[in-house]
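Residue-level listing of the chains:
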Amino acid sequence: MEAPMPELVRLTFEQDVAVITVDNPPVNALSPGVPEGIAAAVERAVAQESVRAIVLTGAGKTFIAGADIREFAKIVSGERPPLNLLPYLQVIEDSSKPVVVAIHGSALGGGLETALCGHYRVMARQAQIGQPEIKLGLIPGAGGTQRLPRLAGVAKALELCAGGEPIRADEAVSLGIADRLVEGEVLAGALAFAREIAGAPFRKTRERNEKLRDADTALFVKAKQEAAKRMRGQKAPLAAIEAIAAAVELPFAEGCAREAELFTECLHGTQSRAMIHVFFGERTVSKIPGISTEVKPRAIERAAVVGAGTMGTGIAMTYANAGIPVRLKETSEEALERGMANIRRNYAATVAKGRLTEEEAARRLARITPQLDYQGFEQADIITEAVFESMPVKKQVWSELDRVAKDHCVLATNTSGLDIDEIASATQRPEQVIGNHFFSPAHVMRLVEIVRGKATDDETTVTSMALGKKLGKISVLAGNCRGFIGNRMIAPYLREAHFLVEEGASVEEVNDALYDFGMAMGPLAVDDLSGLDISYAIRKEFARFEKPGVRKALVPDLLCERGYFGQKTGRGWSLYDANRRPAPSPETAALIEKTAREAGIQRRSIPQKEIVERCIYALVNEGARLLEEGVALRAVDIDITYLNGYGFPVWRGGPMFYADTVGLKKVLQRVEELKEQHGPDLWEPAPLLKRLGENGGTFGQFDRDRAG
Ligand code: T1G
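Residues numbered from 1 in each chain as written. Predicted model: local features only at pLDDT ≥ 70, side-chain atom pairs only at ≥ 80, totals over all residues. Heavy atoms only, no water.

(A) Structural context of the site of the ligand. Taken together, 28 residues lie around the ligand, and Lys-61, Ala-67, Gly-110, Glu-113 and Lys-287 are the ones closest in. At a separation of 2.9 Å, a nitrogen atom of the ligand approaches a polar backbone atom of Ile-69. Coverage of the ligand by the protein chains reaches 78% of its 1000 Å² of free accessible surface. Elements with a contribution of two residues or more to the shell around the ligand: helix H4 (110-116) and helix H12 (270-284). (Near = heavy atom within 4 Å. Polar contact = N/O pair within 3.5 Å; in protein donor to acceptor, adjacent residues only side chain to side chain. Areas by Shrake-Rupley, 256 points an atom, 1.4 Å probe, with all protein chains shown as cover. Helix = DSSP H or I, 4+ residues; strand = E, 2+ residues; numbered from the N terminus.)

As structure tokens, this is what we get:
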């Protein structure tokens, strides 16, 4: 006998107030059965004579967090009918008894659209509301673009729907979206509010047109410019703006029809598939197969950092920002003061941008203890080493730390690519050594690569993964190999960029091609930002692993040997003014031309398509190798790494997802062509790419198969 459908929506009565509770863990999504259940409950409550008002709330930690995102793929594939929430939500709005919506946790997307159909909204102080659909490559599809401007005004609705960021209860009340902020338990507050308003006349949101009148075209022009700047390449924000314009221009029902058209266009587009892949991917990467759920993360209440350079100070700030007191050690007063000055500068800049109060900045700064010795390190739950990228230096530091660190302390190295096992060999407890590879600037970038050594124990791994979340980061687990996931893949990507300029493309053409593809910055611009001397040192460190006779780029070393390290020296691939704005460098162009001529490299004009394919397919091919070797657990781990650490466009879903959208057969064909042209040492297809490309496979299917 089939298990009875869990009761997703409950109707109970508190004397003269009906309470409708959505109970669909974990986040009360509007899964099939929920909208229907709400509508049926409203009708039953309205029919109940003793009922004077209705309260709609969510069970557990949150109100409704939106439509069920897992359903979208089924709708696109035709397995499910198109999304059709409007008629159910309108039952709420058309109720003849006032509906008070009680919001705690989050009311997001379809959750807020449901709330907007209520006649009143009360919110718990910590609650948030928002229309984050554009983060999924979608727009509100249940009336949000039509009802929100009627309540919050057009300007705010544009900001919420085209920007996607949530707002807190106090702002929602000041905007008129919510009617009351309640302290303590939200249901109790809602019941009291319901009794206050019961019997009084109330309005339907869709009939509140007065706020639509203050909309002028300038608002829409500004919103489009803002969206094009902040979410370059993304279609959904512009579609959301168009839907809100329809709210101003058209009657409600026609506006909803226009919204539905735009929503369906987005839903059936590649961008939303990519961004939904990212949504679930950011949650999948925290799951580590093979480690029992019995293994619990240890508490991290005190931290310590060695090295107050760019990375060390950023990491210390990250701990302080998360409320964790941190000791910061340097070897000289001068270096320590330079590091602390950098930290003070960063906090001052954030305060100046209005993103932090002076008081909070002072509180965070006070959590950082600068010092020249290891005093107090014996109390740290985690020690992060961020000293110069040299193995002898790191091993020296770790042999010292091994003597002071307490039992079970997480011994984390911030190396960006050195051998974790060799570093761990400088201690008596390699099982506690792990890579925590932050990205610069560490207090800003969301990604942390957690690199497991061969001796690293599960507790240390789980503790590091969990710490990432506490620090507001996304942790991706990587195996120990040269450059781990991110930097190992970036090497062939940069290699191709360097070759392309030697073969005739200009520095600007290479940068522009990848920028137009959607990368946050072109590859040579990234080279100049991170410092040509850094990649030079890494090349020298790893030269002994290079196969003799394989073509290497010539110009990067020559630029370095001239002291041109990029932005920090005002010149590298490009010239930089005092505000670090780039400009073409005639000297670099001449050096490239001369070097290529002397090396006998044939130069030609190179189409943008080839520039993009060689750089991106180099990434994908190396990514497939990583997957095969198990350095990356899943293709999605590579995608999340590249989106959060290397400026890969979110609306393309990451390099592996992007390759799937192109089709691995086509990618393989192109890689094999490049192998013909440039040789197997550079372009031998990864066996996994070959296998999937020849059998119509995808990296997505590979992940599903691996997950079993
Ligand atoms: N649908 C399906 N599953 C969801 C979900 C959703 N809307 N939201 C969360 N989950 C799953 C998530 O994958 C995870 O699963 C678990 O719930 C806990 O989530 C018509 C078109 C609410 C702030 O974009 O932002 O409405 O990994 O780890 O950190 O106009 O979840 O455990 O298997 O994130 O406490 C719009 C998405 C949808 C909000 C809670 N809504 N969710 O954060 O938990 S589109 C959103 C969140 C829409 C309408 C349109 C967060 C959260 P698992 P979690 P959390």
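(B) Main features of the packing of helix H19 (residues 486-502) against helix H25 (residues 608-629). Orientation of H19 relative to H25, taken along the N-to-C sense of each, is 155°, at an axis distance of 8 Å. By the angle class used here, H19 and H25 are roughly antiparallel. When you trace H19 past H25, the crossing you get is right-handed. Residues Arg-488, Met-489, Ile-490, Pro-492, Tyr-493, Arg-495, Glu-496, Ala-497, Phe-499 and Leu-500 of H19 pack against Glu-610, Ile-611, Arg-614, Cys-615, Ile-616, Ala-618, Leu-619, Glu-622, Gly-623, Arg-625, Leu-626 and Glu-629 of H25. Taken together, the residues of the contact of H19 with H25 sort by class into 13 nonpolar, one polar and eight charged. (Axes fitted to C-alpha atoms, helices over the stretch in contact; angles between N-to-C directions. Parallel < 35°, antiparallel > 145°, perpendicular 65-115°, else oblique. Left-handed = near helix turned anticlockwise from the far one by under 90°. Contact = heavy atoms within 4.5 Å. Nonpolar A, V, L, I, M, F, W, Y, C, P; charged D, E, K, R; others polar.)

(C) Quick look at a positive patch on the surface. On the surface, a cluster of positive charge is contributed by Lys-61, Arg-70, Arg-283, Lys-287 and Lys-469. Tracing the chain through its elements places Arg-283 in helix H12. (Patch = residues over 30% accessible without salt bridge, like charges linked within 9 Å, V, L, I, M, F, W, Y side chains within 5 Å. Salt bridge = Lys/Arg side-chain N within 4 Å of Asp/Glu carboxyl O. Lys, Arg positive; Asp, Glu negative; His and termini not counted. Charge placed at Lys NZ, Arg CZ, Asp CG, Glu CD.)

(D) Inspection of the sheet that holds strand S17 (residues 474-479) at higher detail. Read from one edge to the other, the open sheet built from eight strands follows the order S12-S11-S10-S13-S14-S15-S16-S17, with strand pairing classed as mixed. Since the sheet does not close on itself, it has two edges, and those belong to strand S12 (368-371) and S17, each with one partner. Sheet twist, expressed as the mean angle between neighbouring strand axes with direction ignored, is 25°. Sheet topology note: the strand S15 (residues 433-438)/strand S16 (residues 447-452) ladder contains five bridges and is antiparallel. Bridged to Gly-435 within S16 is Val-451. (Pairing = 2+ DSSP bridges.)

(E) Spotlight on the packing of aromatic side chains. Taken as a whole and assessed by the stated rule, the structure comprises eight aromatic pairs. Both rings, one in Phe-439 and one in Tyr-646, keep their centres 5.3 Å apart while their planes meet at 75°; by these two values the pair is edge-to-face. On the criterion of sequence distance, the pair formed by Phe-439 in the loop between S15 and S16 and Tyr-646 in the loop between helix H26 (635-645) and helix H27 (655-662) is long-range, its members being 207 residues apart. Neither Phe-439 nor Tyr-646 differs from the other in exposure class; each is buried. Judged by centre distance (5.0 Å) and plane angle (85°), the ring pair of Phe-517 and Tyr-658 falls under edge-to-face. Here Phe-517, found in helix H20 (residues 507-517), pairs with Tyr-658, found in helix H27; they are 141 residues apart in sequence, far enough to count as distant. In terms of burial, Phe-517 and Tyr-658 fall into one category: buried. Grouping aromatic residues by their ring pairs yields a cluster made of Phe-439, Tyr-642 and Tyr-646. (Phe/Tyr/Trp six-rings, centres within 6.5 Å; stacked < 30°, edge-to-face > 60°. Buried < 20%, exposed > 50% of the residue type's maximum accessible area, 1.4 Å probe, protein only.)

(F) Unusual backbone geometry, seen in detail. Residues Pro-25 and Pro-26 are joined by a peptide bond in cis, for which omega reads 10°. Within the secondary structure, Pro-26 sits in the loop between strand S2 (17-22) and helix H1 (34-47). That bond from Ser-440 to Pro-441 is cis: its omega, -5°, falls within 30 degrees of zero. The residue Pro-441 is located in the loop between S15 and S16 in this model. Phi at Asn-28 takes a positive value of approximately 50°, unusual for a residue other than glycine. With respect to the secondary-structure elements, Asn-28 resides in the loop between S2 and H1. For Asn-28, a relative accessible area of 2% gives the class buried.

(G) Just the packing of helix H9 (residues 217-230) against helix H10 (residues 236-249), in detail. It is the contact of H9 with H10, at a shortest axis distance of 9 Å, that shows an interaxial angle of 170°. Judged on the interaxial angle alone, H10 and H9 are roughly antiparallel. When the axes of H9 and H10 are compared, the crossing they make is right-handed. Within the contact between the two elements, H9 uses Phe-220, Ala-223, Lys-224 and Ala-227 and H10 uses Pro-237, Leu-238, Ile-241, Ile-244, Ala-245 and Val-248. Residue composition of the contact of H9 with H10, grouped by class: nine nonpolar, no polar and one charged.

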